Amino acid sequence: MKIEKIMVIGAGQMGSGIAQVCAAAGYEVILNDLTDDHLDRGMTGIQKNLSRQVSKGKLAEEELNTTLNKLTVSTDIADAKECDLIIEAAVENMEIKSRIFKQLDEWAPTHAILASNTSSLPITEIAASTNRPEKVIGMHFMNPVPVMKLVEIIRGLATADEVYEEIEAVTHRLKKVPVEVNDFPGFVSNRVLMPMINEAIFTLYEGVAEKEAIDEVMKLGMNHPMGPLTLADFIGLDTCLYIMETLHEGFGDDKYRPCPLLRKYVKAGWLGKKTGRGFYEYN
């Protein structure tokens, strides 16, 4: 099967980034979301990212135009009927993802592969909402998508070998590095990263050190480019909490128990950079 046309579900930061790199790789891309406002924001973000690359001399103006010409937008999930690969990048919620995959199963052609960009939820459970579990796979991009090279590829229980091989080939064409991961809560990236962030929050909660000191120790002592509390703000504290809850429920182990301070901030609406306040304030 040759993949020529891709639909990306969700025009947020991750979805628009995925759509951008797919279009830049020469695929025809449909960016889908519920409203025109979401799509406008997503396309504006793509144009800004590409223009920034042009201004830095990393991209020619002609390449910018070629990439944008590969992109169309849609608010109708039935447009999946035109596509060979659909990559879902909706909110990290099993009920919502299962509903989307059930709809995609109805509209996408029988040969189409259905991929999820979930960062923590089980691919096998997502696949169970379709009649084609062998064609469902995890394709977890890192944020920001245009910059980060890693893509975790997660097989569900029924994912066919040829589907994995096709997605691996697509990942290479996107100039990303595919890494095969088994279907466990949080996969590798978030199973390792999120408990570290959660422990940094506990360290703040228990008064071991101020937030700036915690971030400085990890940057200077562990050579991390960004401290864990700053990183949590950039990821979104609501997303961090949801992933920790997924790990806690999935493994039944209290070492994944979310810090009470993380819950408190989320309840206060302090979700990080996107709301202007998390562990730090953003103007």
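Residues numbered from 1 in each chain as written. Predicted model: local features only at pLDDT ≥ 70, side-chain atom pairs only at ≥ 80, totals over all residues. Heavy atoms only, no water.

Across its full length, the chain holds 11 helices and eight strands. For a compact globule of 283 residues, the expected C-alpha radius of gyration is about 19 Å, and the chain comes in at 19 Å, within 12% of that figure. Taking the principal axes of its C-alpha atoms as reference, the chain extends roughly 55 × 45 × 30 Å. Split into buried and exposed, the 283 residues of the chain put 48% on the buried side. (Helix = DSSP H or I, 4+ residues; strand = E, 2+ residues; numbered from the N terminus. Rg over C-alpha atoms; globule rule 2.2 N^0.38 Å. Buried < 20%, exposed > 50% of the residue type's maximum accessible area, 1.4 Å probe, protein only.)

The UniProt record annotates "domain: 3-hydroxyacyl-CoA dehydrogenase C-terminal" (unreviewed entry) at residues 186-282. From the first C-alpha to the last, residues 186-282 spans 28 Å; its make-up is 62% helix and 0% strand. (UniProt positions renumbered as here; feature names shortened; annotations may be inferred.)

What follows covers the nonpolar core. Counting 38 residues, the largest nonpolar core has Leu85 and Met139 as the members making the most contacts within it. Considering every element that reaches this core, the biggest residue donor is helix H1 (residues 13-24), with six residues. Other than its neighbours up to four places away in sequence, Leu85 contacts Ile3, Lys5, Ile6, Met7, Ile113, Ala115, Ile167 and Val170. (Core = buried A, V, L, I, M, F, W, Y, C linked by side-chain atoms within 4.5 Å. Contact = heavy atoms within 4.5 Å.)

Turning our eyes to something else, we now look at helix H2 (residues 36-55). Compared with the 28 Å implied by 1.5 Å per residue over 20 residues, the 28 Å span of H2 between its first and last C-alpha is a close match. Along H2, the positions that sit buried rather than exposed are Leu39, Gly42, Met43, Ile46 and Leu50. An end-on view of H2 places all buried positions within 95° of arc, on one side of the element. When the buried face of H2 is taken as reference, the exposed residues oriented beyond 90 degrees from it are Arg41, Lys48 and Ser55. Against the buried residues of H2 lie H1, strand S2 (28-32), helix H3 (61-69) and strand S3 (71-74). Gly57 sits one or two residues past H2 and shows a positive phi near 80°. (Expected span 1.5 Å × (residues − 1). Arc of directions from axis to C-beta.)

A cluster of basic residues, Lys48, Arg52, Lys56 and Lys58, forms a positive patch at the surface. On the secondary structure map, Arg52 appears in helix H2. Here Arg52 falls in the partly exposed class, since its relative accessible area comes to 43%. (Patch = residues over 30% accessible without salt bridge, like charges linked within 9 Å, V, L, I, M, F, W, Y side chains within 5 Å. Areas by Shrake-Rupley, 256 points an atom, 1.4 Å probe, with all protein chains shown as cover. Salt bridge = Lys/Arg side-chain N within 4 Å of Asp/Glu carboxyl O. Lys, Arg positive; Asp, Glu negative; His and termini not counted. Charge placed at Lys NZ, Arg CZ, Asp CG, Glu CD.)

What follows deals with the packing of aromatic side chains. In total, this model carries five aromatic pairs according to the counting rule given. Connected via pairs of aromatic rings, a cluster forms that spans Tyr265, Trp270 and Phe279. When the ring centre of Tyr164 is taken as origin, the NZ or CZ atom of Arg155, which lies over that ring, is 4.5 Å away. In this structure, Lys211 is placed above the aromatic ring of Tyr280, and the distance from its NZ or CZ to the ring centre is 5.6 Å. (Phe/Tyr/Trp six-rings, centres within 6.5 Å; stacked < 30°, edge-to-face > 60°. Lys NZ or Arg CZ within 6 Å of the ring centre and 35° of its normal.)

This part takes up the environment of Met244. For Met244, the location among the structural elements is in helix H10 (residues 237-251). With relative accessibility at 1%, the residue Met244 sits in the buried group. The sequence separation of Met244 and Pro185 amounts to 59 residues, and the corresponding C-alpha distance is 9.7 Å. Aside from chain neighbours lying at most four places away, what touches Met244 is Met194, Pro195, Asn198, Tyr256 and Pro258.

It is at 9 Å that the axes of helix H7 (residues 189-205) and helix H9 (residues 228-235) come closest, and there the two elements cross at 115°. The two elements H7 and H9 cross, and the hand of that crossing is left-handed. Contact with H7, carried on its side by Leu193, Met194, Met196, Ile197, Ala200, Ile201 and Leu204, involves Pro228, Leu229, Leu231, Ala232 and Ile235 of H9 and no other residues of that element. Class assignment for the residues of the contact of H7 with H9 results in 12 nonpolar, no polar and no charged. (Axes fitted to C-alpha atoms, helices over the stretch in contact; angles between N-to-C directions. Left-handed = near helix turned anticlockwise from the far one by under 90°. Nonpolar A, V, L, I, M, F, W, Y, C, P; charged D, E, K, R; others polar.)

Before going further, it helps to spend a moment on the pattern of salt bridges. Counting across every chain of the model gives 13 salt bridges. For Lys70, the salt bridge goes to Glu28, with nearest N and O atoms at 3.3 Å. In this pair, Lys70 is assigned in the loop between H3 and S3 and Glu28 in strand S2, connecting sequence segments 42 residues apart. Relative accessible area serves as the criterion here: at 35%, Glu28 is assigned to the partly exposed category. Linking Arg155 and Asp161 is a salt bridge whose minimum nitrogen-to-oxygen distance equals 2.9 Å. Judged by its relative accessible area of 46%, Asp161 falls in the partly exposed class. A cluster of three or more residues bridged by salt bridges with shared partners is formed by Glu88, Glu92 and Lys97.

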